[in-house]
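A look at the structure
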Amino acid sequence: MTIDPIALAAATLGLATPLLLAALGELVAERAGILNVGVEGLMLAGAFAGMLGSWASGSPTIGMLCACGAALALAALFALWVVVLDVEQVVAGVAVNLLALGATGVLYRAIFGQTGSALTVATFAPLAIAPGVAALAPLRQPLPVYVALALVPAVWFFLGRTRLGLRLRAAGEAPQAAESVGVNVGATRTGAILVAALFAGAAGGYLSLAYSNTFVEGMSAGRGFIALAIVVFGRWRPSGILIGAWLFGAASALQFQLQAAGVAVPFHLLLMLPYVLTLVVLALTSRDARGPAALAQRRRLSAAAD
Amino acid sequence: MSRGSRSALQSFRAVAAVAAAFAVSTLLLLLSGIDPLAALGALVGGALGDRFALGDTVVKTCPLLVTGLGVALAFRAGVWNIGAEGQLLVGALAATAVGRACGGAPFPLPLLAALAGAAVAGALWAGIAAALRVYRNVNEIVATIMLNFVAARLLGWAVHGPLMEAAGRYPQSDPIPPAALLPLIVGRVHAGVLLALLLAAASWALLFRTGAGFRWRVVGENARAARVAGFSPERAVLEAMLTSGALAGLAGAFEVLGVTGRLFEQLSGGGGYTAIAVALTAGLHPGGVTLAALFFGALAAGSGAMQRVAGVSAVFVAIVQAATLLAILALETPRPRRAAAESR
């Protein structure tokens, strides 16, 4: 049995990208005190709108913009519920997931009928980096992979080194105190939700426009939920999230490689590997993990309790 | 507020939410260029049109009711159990394995063994997430969702491996022996439906007439105050999750022992996630869960007809579920925690 390290690295980068994008976005929301369980739905909406945009325009870039726009629209609804109406965030997130699943399924069937043949659209091609050098082959990835990597330091800088980032973290740690020194917590959280949606939409767009090159009902396949786990795993820090996304990507890639290498472990048990690994890592590292203090708390309720 | 006016308010909210959900869904159908009357007509016909449709609605209600009860119990104790789907799947897996292993014994021993096996399997599966939360501080939302994926893969492995039919052609188990099956009452309606109603009554009694239920509710309302009062939030979380998982496991058993007669991969069709909508629409009250499950069961039964007759994807139901949830949330009367504690 042989595992090709270059192929493994390339597959890891590709598989980690949607997780990295979605988790970075969720990080921004969670640091502002918003737990959005609906990332999965935002990704799915992004994947569908991305495919639709690219199909209509012939341009994957326009497709990607559509992906971000669809997720933004869905997240605006979520923000209306959790910020303005101040409802239970987990429940609103569950509703976002259901809404995205239903809307993409109904629209896909309404627009493309029930053709069994997979629809293929214009997609992002891998960049030509050092075409002759085999060792650098993993780097021949489509553009969104590099954008996602560049966003890691960008999010770190924004959260840790800017005034806006400080206000955002204050809204997630001590909303009442933040409010008393003039931070508009509602507006800050709304902004964080919308930024997170752009990331999740891009993650979905990546799936249909750079990874699978088509749309399939329910194609986000739980990646949004894994992104939630990666935020916890990464201890609410961009660097930790990068490691988490790569680790998860590597576990998924390894499982494909083991399958291809014909290893004796049954295929379905290999498929469990990334999820079991996540649970084990969380069990080992969560003991003293502490998220933003006001995460997922309803403002009216916490105000009444104080 | 008295209990009577509270439940009247909750009923009003639920009815208003469902009405709003249908209004929004009709609008979305119009926007998608679909005749809403034809689509909704097919939906209602498929759910309530004749004896077979009604039977289908009842059969589809059963797993939603039992998983919905489980979700409601966990949420009452303040644990976000998003894992009913996985707990249902391992319950179905255990029921099949036990039912096939001891199917030679006289009825109803194999049936009882299969039901017990499913309840234990579901409870243990939920227990993993509960233990991770209590002892390792792992967020139960993330843990239960991860366990859903693991359960689906475990089921896939079972029907491709140890439980695969002897013919080896399809990824499904051989039929479960008749002595382990739930008897049919009328048409396709099986005895599990009666058990589900008993479980609803038992869940109500557990929640509102026992010390354990009281402790769970106190912990769910305010864990800090519960600790001050001498109630261990950790114990409540473990107890409520194990009970919740056992119920979901039983729902899985009802499906394989009452409906399909064998195990295969797409057994649940996301019912474990619908259970969350069921529980929340019902205001986490076991009586309401029964009605909400009936509503979502009718939707599930009707959606198949809608897809066949009107060509609208069956996942349309997910939109109605989402709209119902959002409407319920929007109609919720804001009540600060202190007032909520006093109204009980």
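Please read all numbers here as calculations on a predicted model, not as lab measurements. (Residues numbered from 1 in each chain as written. Chains lettered and ligands numbered in written order. Predicted model: local features only at pLDDT ≥ 70, side-chain atom pairs only at ≥ 80, totals over all residues.)

Overview of the overall build of chain B
So the rule is basically this: Strands here are runs of E lasting at least two residues and helices are runs of H or I lasting at least four, both read from the DSSP assignment and numbered beginning at the N terminus. Only C-alpha atoms enter the radius of gyration, while the globule expectation follows 2.2 Å times N to the 0.38, with N the number of residues. Remark: C-beta atoms are placed from the backbone, and a residue is labelled buried if 20 or more other C-beta atoms sit within 10 Å of its own, exposed if 12 or fewer do, or partly exposed between those counts. Residues are scored as being in contact if the C-beta atoms we place from backbone atoms lie within 7 Å.
Each helix and strand counted, chain B has 14 helices and two strands in total. The C-alpha radius of gyration computed for chain B amounts to 20 Å, which stays within 12% of the reference 20 Å derived for 344 residues, consistent with globular compactness. With respect to the three principal axes, the spread of C-alpha positions in chain B is 60 × 50 × 35 Å. Taking all 344 residues of chain B together, the buried fraction comes to 58%. At a minimum sequence separation of 6, the contacts of chain B that also span at least 24 residues come to 78%.

Remarks on the overall build of chain A
Looking only at helices and strands, chain A has twelve helices and zero strands in total. Reading the secondary structure of chain A in the N-to-C direction produces α-α-α-α-α-α-α-α-α-α-α-α. Over its C-alpha trace chain A gives a radius of gyration of 20 Å, about what one expects of a compact globule, namely 19 Å for 306 residues. Referenced to the eigenvectors of the C-alpha coordinate spread, the extents of chain A come out at roughly 60 × 45 × 35 Å. For chain A, buried positions account for 51% of its 306 residues. Nonlocal contacts in chain A, meaning residues at least 24 apart in sequence, comprise 77% of its contacts between residues at least 6 apart.

Section: the nonpolar core
This is how it is decided: Think of a nonpolar core as buried Ala, Val, Leu, Ile, Met, Phe, Trp, Tyr and Cys residues, each tied to the set through C-beta atoms within 7 Å.
Ranked by size, the top nonpolar core spans 239 residues in total, and within it A23, L42, A71 and I230 of chain A together with L257 and A279 of chain B carry the most contacts. Top element by residues in this core is helix α8 (residues 185-211) of chain A. It accounts for 16 residues. Residues within four places of I230 of chain A in sequence aside, it is in contact with L19, A23, I241, G244, A245 and F248 of chain A.

Concerning the interface of chain B and chain A
To keep things clear, this is the line we draw: Following the grouping adopted for this structure description, the nonpolar residues are Ala, Val, Leu, Ile, Met, Phe, Trp, Tyr, Cys and Pro, the charged ones are Asp, Glu, Lys and Arg, and the polar ones are all others, Gly among them.
In this assembly, 42 residues from chain B lie in contact with 43 residues from chain A. Going through the elements one at a time, α5 (109-136), α6 (140-160), α11 (271-281), α13 (316-331) and α14 (337-342) of chain B are the ones with two or more residues in the side of chain B that touches chain A. The element contributing the most residues to the side of chain B that touches chain A is α6 of chain B, with eleven residues. For the side of chain B that touches chain A, the class distribution of residues is 28 nonpolar, nine polar and five charged.

Brief notes about helix α7 (residues 192-209) of chain B
Residues and elements named next belong to chain B. Let me state the cut-off plainly: Given a helix with a known number of residues, its expected span is that number minus one, times 1.5 Å. The directions from the helix axis to the C-beta atoms are what the arc is built from.
Over its 18 residues, α7 runs 24 Å from end to end, which matches the ideal 26 Å to within 8%, given 1.5 Å per residue. Here α7 has its buried residues at G192, V193, A196, L199, A200, S203 and L207. Projected down its long axis, α7 shows its buried positions confined to an angular sector of 105°, all on one face. The outward face of α7, more than 90 degrees from its buried face, is lined by the exposed residues L198, A201, A205 and R209.

So, the environment of A126 of chain B
All names here are of chain B. Tracing the chain through its elements places A126 in helix α5. Along the sequence, A126 and L257 sit 131 residues apart, while their C-alpha atoms lie 21 Å from each other. If we skip the residues at most four places from it in the chain, A126 touches N81, G83, Q87, M241, L242, S244 and G245.

Quick look at the packing of helix α2 (residues 39-57) of chain A against helix α4 (residues 89-112) of chain A
Residues and elements named next belong to chain A. Filter applied, for reference: Axes, fitted as lines to C-alpha atoms, cover a helix only where it is in contact. Angles between the N-to-C directions of the axes lie from 0 to 180 degrees. Any angle from 65 to 115 degrees is called roughly perpendicular, while one under 35 is roughly parallel, one over 145 is roughly antiparallel, and all others are oblique. Whether a crossing is left-handed or right-handed is set by the direction in which the near helix is turned from the far one by less than a right angle, anticlockwise for left-handed and clockwise for right-handed.
Where α2 meets α4, the axes come as close as 7 Å, and the angle between the chain directions of the two elements is 20°. One way to sum up the angle between α2 and α4 is to call them roughly parallel. In terms of crossing hand, the pair formed by α2 and α4 is left-handed. Residue-level inspection shows E40, G41, L42, L44, A45 and F48 of α2 in contact with α4, the latter providing V96, N97, L99, A100, L101, T104, L107 and Y108. Residues of the contact of α2 with α4, tallied by class, amount to ten nonpolar, three polar and one charged.

Re the confidence of the model for chain A
Our working rule: Confidence scores labelled pLDDT are given residue by residue by the predictor and lie between 0 and 100.
Scored by pLDDT, chain A has a mean of 90; 96% of the residues are at 70 or more. For chain A, helix α12 (residues 299-305) of chain A is the element with the lowest average pLDDT, namely 61, and helix α3 (residues 60-84) of chain A is the one with the highest, namely 97.

Some thoughts on helix α5 (residues 143-161) of chain A
Residue and element names in this part refer to chain A. As a reminder, the rule being used: Values of bend correspond, residue by residue, to the angle between axes fitted over the seven residues ending at that residue and the seven starting there.
In a regular helix each residue adds 1.5 Å, so 19 residues correspond to 27 Å; α5 covers 27 Å between its end C-alpha atoms and thus fits that length. At V152, α5 is deflected by roughly 25°, the largest bend along its length, and proline P153 occurs up to four residues later in sequence. All buried positions along α5 are accounted for by P144, V145, A148, V155 and L159. Against α1 (5-31), α6 (163-173), α8 and α10 (238-260) lie the buried residues of α5.

Re unusual backbone geometry
Note that the residue after F107 of chain B, namely P108 of chain B, is joined by a cis bond; omega there is 0°. By the secondary structure assignment, P108 of chain B is in the loop between α4 (84-101) and α5. Although it is not a glycine, A296 of chain A adopts a positive phi angle of roughly 65°. Along the chain, the position of A296 of chain A falls in the loop between α11 (267-285) and α12.

Considerations on the confidence of the model for chain B
Residues and elements named next belong to chain B. Taken as a whole, chain B shows an average pLDDT of 90; of its residues, 95% reach a score of 70 or greater. Predicted confidence for residues 335-344 stays below pLDDT 50, and this span has 14 contacts to residues more than four positions away or in other chains. Scoring of the predicted complex yields 0.90 for pTM and 0.89 for ipTM.

As for the environment of A121 of chain B
Residues and elements named next belong to chain B. Among the structural elements, A121 can be located in helix α5. By C-beta crowding, A121 is classed as buried, having 28 other C-beta atoms within 10 Å. C-alpha separation for the pair A121 and L250, spaced 129 residues apart in sequence, amounts to 9.1 Å.

Here we look at the packing of helix α3 (residues 51-76) of chain B against helix α10 (residues 233-260) of chain B
All names here are of chain B. It is at 7 Å that the axes of α3 and α10 come closest, and there the two elements cross at 170°. Compared by their axis directions, α3 and α10 come out roughly antiparallel. When α3 is examined against α10, the residues V59, C62, P63, V66, T67, L69, G70, V71, L73 and A74 are found in contact with a partner set consisting of A240, M241, T243, S244, G245, L247, A248, L250, A251, F254, E255 and V259. Considering only residue class, the contact of α3 with α10 consists of 16 nonpolar, five polar and one charged.

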